[in-house]
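Per-entry structural report
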Amino acid sequence: MIKWLSVCSILFFSSIYAADIYVDAKAAPGGDGSKAKPLSTITAGIRAAKAGDTVNIRGGVYNEILGISKGGKAGAPLVIRGVPGERVVISGWKDITDWKDIGNGVYTAKVPSEVKDFYVGWTQQQCGRWPEDGTMRPVKGIDKDKMLFLTDPPKDAPFLEEIAKDPKNTVVFYFFAFGNSYGGPKLLSYDFKTGNIAFDKRNWNNWIRPEKNLYTFMNHPALVRQPGNWAYVADEKNNPRNTAGTVYFKPVKKEDLKHTRYRFTPRQQIAIGHWKEAISDITLQNLEVTGSGLNAIMVGGNTKNVTIENCLVHNNFGEGINFRGCDNVVLRNNLVIANRNGVSVISARKGLVEGNEIAYNLADGLIIAGNISGPGAVTPDDDMETYDITVRRNYIHHHILQAHPDNIQLYRGVHRVLFDSNFNIWSGQSLMTEQTDNIKMVNNVFLASSAFMIICGHGDSNKWEIINNTLGCSGYGLFSFTGKDYKLSENILWGCGEYPYDKEGKLPVTSDYNFFYPYLPNNGLIGRTTRPWKAFKTIDALYDFTKQDKNSAVGELKFKNAPLFLAVTTADGSKRNTLKLRPGSNPPFKTGDNIEVNGDGIMRKVESFSDGRITFTPELPQTPFRDALVMNWGKSNSTVIDLSLPADSPSRKIGKNGAGSNIDTVAFQNGDLLGKGKRTLPELPPEIKASLPNPNSVVIPLYP
């Protein structure tokens, strides 16, 4: 009894001393943090707070870099939140002013630091480039000794001689075919007559091979030719810090000069953690974080018990949200869009990623990783693997803007991850893993991937259970199994399952009670094996050879609204209304079919299909510079994915609970990720929604 009273007394007195501290950007200096006399900065509010306090931030724009180096304690977290219903923006943007007209529609302005990207309002502008149509030119050869790209001398671009005379800060954005990735080094010199492009040792890629590489020039005043183009030149040619320089800009209209800005913050916009001592029990709520020159929110330093919820994190140069070296992290109901990467959970023990929309980030969506620094890491934070992460009811989509970005990526020591009821669509690779084990996938929908859908790569991603998922519409196949111990059951496999043999000739996959939905581009195959190669169209043939899927079934499914199939295509020259199929693919497009390109929500009509080329209207806003995903919707006029099935669907008779996922994909697309019957995500302001990256009009980054 005495012990119980003591505990109650502690909780009682803790509640007495917990305080509400108020912050308002419009407040006069000298406030005391009360509701009547709020403080004017978030930094002041955090300094005044103690364990159990809540810092309430009124609506407004706060140009602050926040360092949170103290927290709360068990049962009394430090809460930093935007007042519900008010828009609290923590911003790293810097306006560009004092423009000077230098002729030909081009203006210049001085800036105090390097400009890596350039915006008019919320809309990112394309750095000046050549070729101007968005295509890339072939690298004809490589001279590794002299560190040269060998290219054809330009015959149609005399202005490139200005680059030869003075390279300034010119960048060579190139596609590295062997690595299937992009680079953006500064060039050393350019020979206008021969076409040779030279790099210094610091910017040379030792992994590059001579075949199939492409390039484009970017970021020189001579390339600022089209409306919306810009370039940045450092004041000093060899100034390594780029502390000041000049921006060149050709506006679409003169009014645009009043709304120009760039991401200026040189540090994380919000940094949680302290390198000397661990802190714990911190909650961020209802914040909009944007314009950071690095990561928007960085949580590290052995921090424990951190929750980030109901935040909008967008248009940051680095990652949206990054956890590193943390225990017990919760990321819930956030919207993370249009950053370089979306969310990273690195060297973490126990975490929940739930109910978030992660979309339109330049490279990867969700990264879960262990020791990313490798052997010999300097600090303990960098030298541990990741355990016990739950990824539940997230909508992850549109990571297709670079070479092979992943909606989800796991690597470098990840153990015990549960993927439960997520909707994953439109990606270079849906789920890429290596050095990963003990993964369970239950009730997910994974669709529309350029490569394989689920990649258990490099022979070291083992022990997977894949149960009650709906997987389909991939460029190569549903699975790439290279390790061991994979169990598949009660899935809808909308395409072709993979059954690879290991080095000893054994099958590392146990599979049964699945429903196979034959896929047109794969000629109706339901499965195939590698090492040895065989393909199967019937369950009996599959079972006779693999001894798998004895109780599985094959048939067609009548989803309420779903595409017929997906094809992977590339640009056909510089045409905006024609795409050509990837070699080896020949899906049956028909004149009059409705198609959607890269998930942009626009129905286009097939005008003709021959020799592997699809011609359509309306045309794309620009020529693709990478693979394009084309969904054939047949006669459907809606691009909303609805995978609900009739009550008598044959897939419902498979196994104990029927095959496939039961999540409501329409609700996910409407922002209800938790099944509440209403939007569970933060509202997206109209101007942000209007400026979301267009997957068919990609702004090529200056530094990929």
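Here, residues in each chain are numbered from 1, in the same order as that chain's written sequence. Only residues with pLDDT of 70 or above have their local features reported here, since the model is predicted, and side-chain atom pairs are shown and tallied only from 80 upward, although totals for entire chains, interfaces and linings are computed over all residues. For the side-chain quantities, the full set of heavy atoms in the structure was used; hydrogens and water were omitted.

The number of helices and strands found in the protein chain is six helices and 62 strands. Rg of the C-alpha trace for the protein chain: 27 Å, near the compact-globule value of 27 Å for 704 residues, within the 12% margin. For this analysis, residues touch if any pair of their heavy atoms sits within 4.5 Å. Long-range contacts, defined here as pairs at least 24 residues apart, represent 65% of the contacts in the protein chain between residues at least 6 apart. Reported accessibility uses the Shrake-Rupley method at a 1.4 Å probe radius. Residues are deemed covered only where the shown protein chains occlude them. Working note: accessible area of the protein chain is about 29900 Å², and carbon and sulfur atoms make up 50% of it. A distance of 1 Å separates the average location of the 81 positive side-chain charges in the protein chain from that of its 71 negative side-chain charges. Strands here mean DSSP runs of E at least two residues long; helices mean DSSP runs of H or I at least four residues long; both are numbered from the N terminus. Note on method: radius of gyration uses C-alpha positions; expected globular size equals 2.2 Å times residues raised to 0.38. In summary, the charge assignment counts Lys and Arg as positive and Asp and Glu as negative, without counting His or the chain termini. Just so you know, the charge point we use is NZ for Lys, CZ for Arg, CG for Asp and CD for Glu.

Turning to the pattern of salt bridges, a few remarks are in order. The term salt bridge refers to a side-chain nitrogen of Lys or Arg lying within 4 Å of a carboxyl oxygen of Asp or Glu. According to the stated counting rule, one finds 26 salt bridges in the structure shown. In this structure, K253 engages D256 in a salt bridge whose closest nitrogen and oxygen atoms are separated by 3.3 Å. Between R349 and D327 there is a salt bridge, with the nearest N and O atoms lying 2.3 Å from each other. With R349 in strand 34 (residues 349-354) and D327 in strand 31 (residues 327-332), this residue pair connects regions lying 22 residues apart in the sequence.

The omega torsion of the bond from R531 to P532 falls at 10°, within 30 degrees of zero and hence cis. For P532, the position within the fold is in the loop between strand 54 (527-530) and strand 55 (534-536). Note the cis peptide between T617 and P618, where omega equals -10°. As for its position among the elements, P618 is in the loop between strand 61 (613-617) and strand 62 (628-634).

Here we come to the sheet that holds strand 9 (residues 106-111). Following DSSP output, two strands are said to pair if at least two bridges run between them. With antiparallel pairing, four strands are arranged side by side in an open sheet as 8-9-22-21. In this open sheet, the two edge strands, each paired with only one partner strand, are strand 8 (100-103) and strand 21 (230-234). Each adjacent strand pair in this sheet contributes to an overall mean axis angle of 30°, direction not counted. What counts as an axis is a line fitted to C-alpha atoms, over the stretch in contact for a helix, and the angles between N-to-C directions run from 0 to 180 degrees.

In spatial order, the strands read 57-58-61-60-59-62; together these six strands close into a barrel with antiparallel pairing. Each adjacent strand pair in this sheet contributes to an overall mean axis angle of 45°, direction not counted. Relative to strand 61, strand 58 (residues 578-581) runs antiparallel, the two sharing three bridges. Paired with L579 across the strands is I614, a residue of strand 61.

Burial classification: accessible surface area is computed with a 1.4 Å probe over protein chains only, and a residue below 20% of its type maximum counts as buried, one above 50% as exposed, and the rest as partly exposed. The element strand 57 (residues 565-571) is largely enclosed, with a buried count of six among its seven residues. Relative to strand 62, strand 57 is paired through five bridges, and the arrangement is antiparallel. Its bridge partner being in strand 62, A567 is matched across the sheet by V630. As paired strands, strand 57 and strand 58 are joined by three bridges and run antiparallel to one another.

The next subject is helix 4 (residues 539-546). Among the residues making up helix 4, those that are buried are I539, L542 and T546. Projected onto a plane normal to the axis of helix 4, the buried residues spread over an arc of 65° and lie on a single side. Every exposed residue of helix 4 that faces more than 90 degrees away from the buried side is listed here: D540 and D544. Contact partners of the buried residues in helix 4: strand 51 (497-500), strand 53 (515-516), strand 54, strand 55 and strand 56 (553-554). In the stretch just after helix 4, K547 is the one whose phi turns positive, near 60°. The directions considered for the arc run from the helix axis to the C-beta atoms.

Turning our attention to the packing of aromatic side chains. Under the pairing criterion, centres of Phe, Tyr and Trp rings, with the six-membered ring standing for Trp, must be within 6.5 Å; the plane angle then separates stacked pairs below 30 degrees from edge-to-face pairs above 60, leaving the rest tilted. Following the criterion strictly, the structure yields 31 aromatic pairs and no others. An angle of 70° between the planes, with centres 4.7 Å apart, marks the rings of W93 and Y119 as edge-to-face. Of this pair, W93 sits in strand 7 (residues 93-95) while Y119 sits in strand 10 (residues 119-120), placing them 26 residues apart in sequence. Classification of W93 as buried rests on a relative accessible area of 9%. Classification of Y119 as buried rests on a relative accessible area of 1%. Summarising the aromatic geometry, the rings of Y395 and F423 are spaced 5.3 Å apart at their centres and angled 10° between planes, so their arrangement reads as stacked. Taken together, the positions of Y395 in strand 38 (residues 395-399) and F423 in strand 41 (residues 423-427) put the pair 28 residues apart, joining distant regions of the chain. Each member of the pair, Y395 as well as F423, carries the same accessibility label: buried.

Within the secondary structure layout, D406 lies in strand 39 (residues 406-411). Buried charge D406 goes without a salt bridge, the closest partner of opposite sign being R582 at 12 Å. In this structure the side chain of D406 is engaged in a polar contact, spanning 2.6 Å, whose partner is the side chain of Q429. If we skip the residues at most four places from it in the chain, D406 touches A363, D364, G365, H399, Q429 and M432. Side-chain atoms alone can form a polar contact between residues adjacent in sequence; in general such a contact is a pair of N or O atoms within 3.5 Å, and within protein one must be able to donate a hydrogen while the other accepts it.

Quick look at the pairing of strand 9 now. The element strand 9 is extensively covered by neighbouring structure, given that five of its six residues are classed as buried. Sheet analysis places strand 8 next to strand 9, joined by three bridges and oriented antiparallel. Residue pairing for strand 9: D101 is matched across the bridge by Y107. As paired elements, strand 9 and strand 22 (residues 245-249) share five bridges and run antiparallel to each other. Across the sheet, residue K110 finds its bridge partner in strand 22, namely T246.

Next up on the list: the environment of D152. With respect to the element layout, D152 can be found in the loop between strand 15 (148-150) and helix 3 (161-165). Residue classification places D152 among the partly exposed positions, given a relative accessible area of 47%. Once the C-alpha coordinates of D152 and G245 are considered, the two residues, 93 residues apart in sequence, prove to be 32 Å apart. With residues up to four places along the chain from it excluded, the contact list for D152 reads K140 and G195.

Once that is clear, we can look at the confidence of the model for the protein chain. When pLDDT drops low, the exact placement of atoms in the prediction is not to be read closely. With 95% of its residues at a pLDDT of 70 or more, the protein chain has an overall mean of 92. Each residue carries a pLDDT score, the predictor's confidence in it, ranging from 0 to 100. Across residues 1-16, confidence stays below pLDDT 50; counting only partners more than four residues off in sequence or on other chains, it has zero contacts. Confidence drops under a pLDDT of 50 for residues 376-381, and excluding neighbours within four residues, the segment shows seven contacts in the predicted structure.

Now for the state of the cysteines. Cysteine sulfur atoms that pair up within 2.5 Å are treated as a disulfide. On inspection of all chains with the given rule, the structure shows zero disulfides. C496 supplies the cysteine sulfur nearest to C473, a cysteine that is in no disulfide, at a spacing of 14 Å. The class of C473 is buried, set by a relative accessible area of 0%.

Its place among the elements puts D512 in strand 52 (residues 509-512). The buried charged residue D512 lacks any salt bridge, with K550 as its nearest oppositely charged partner at 8.0 Å.

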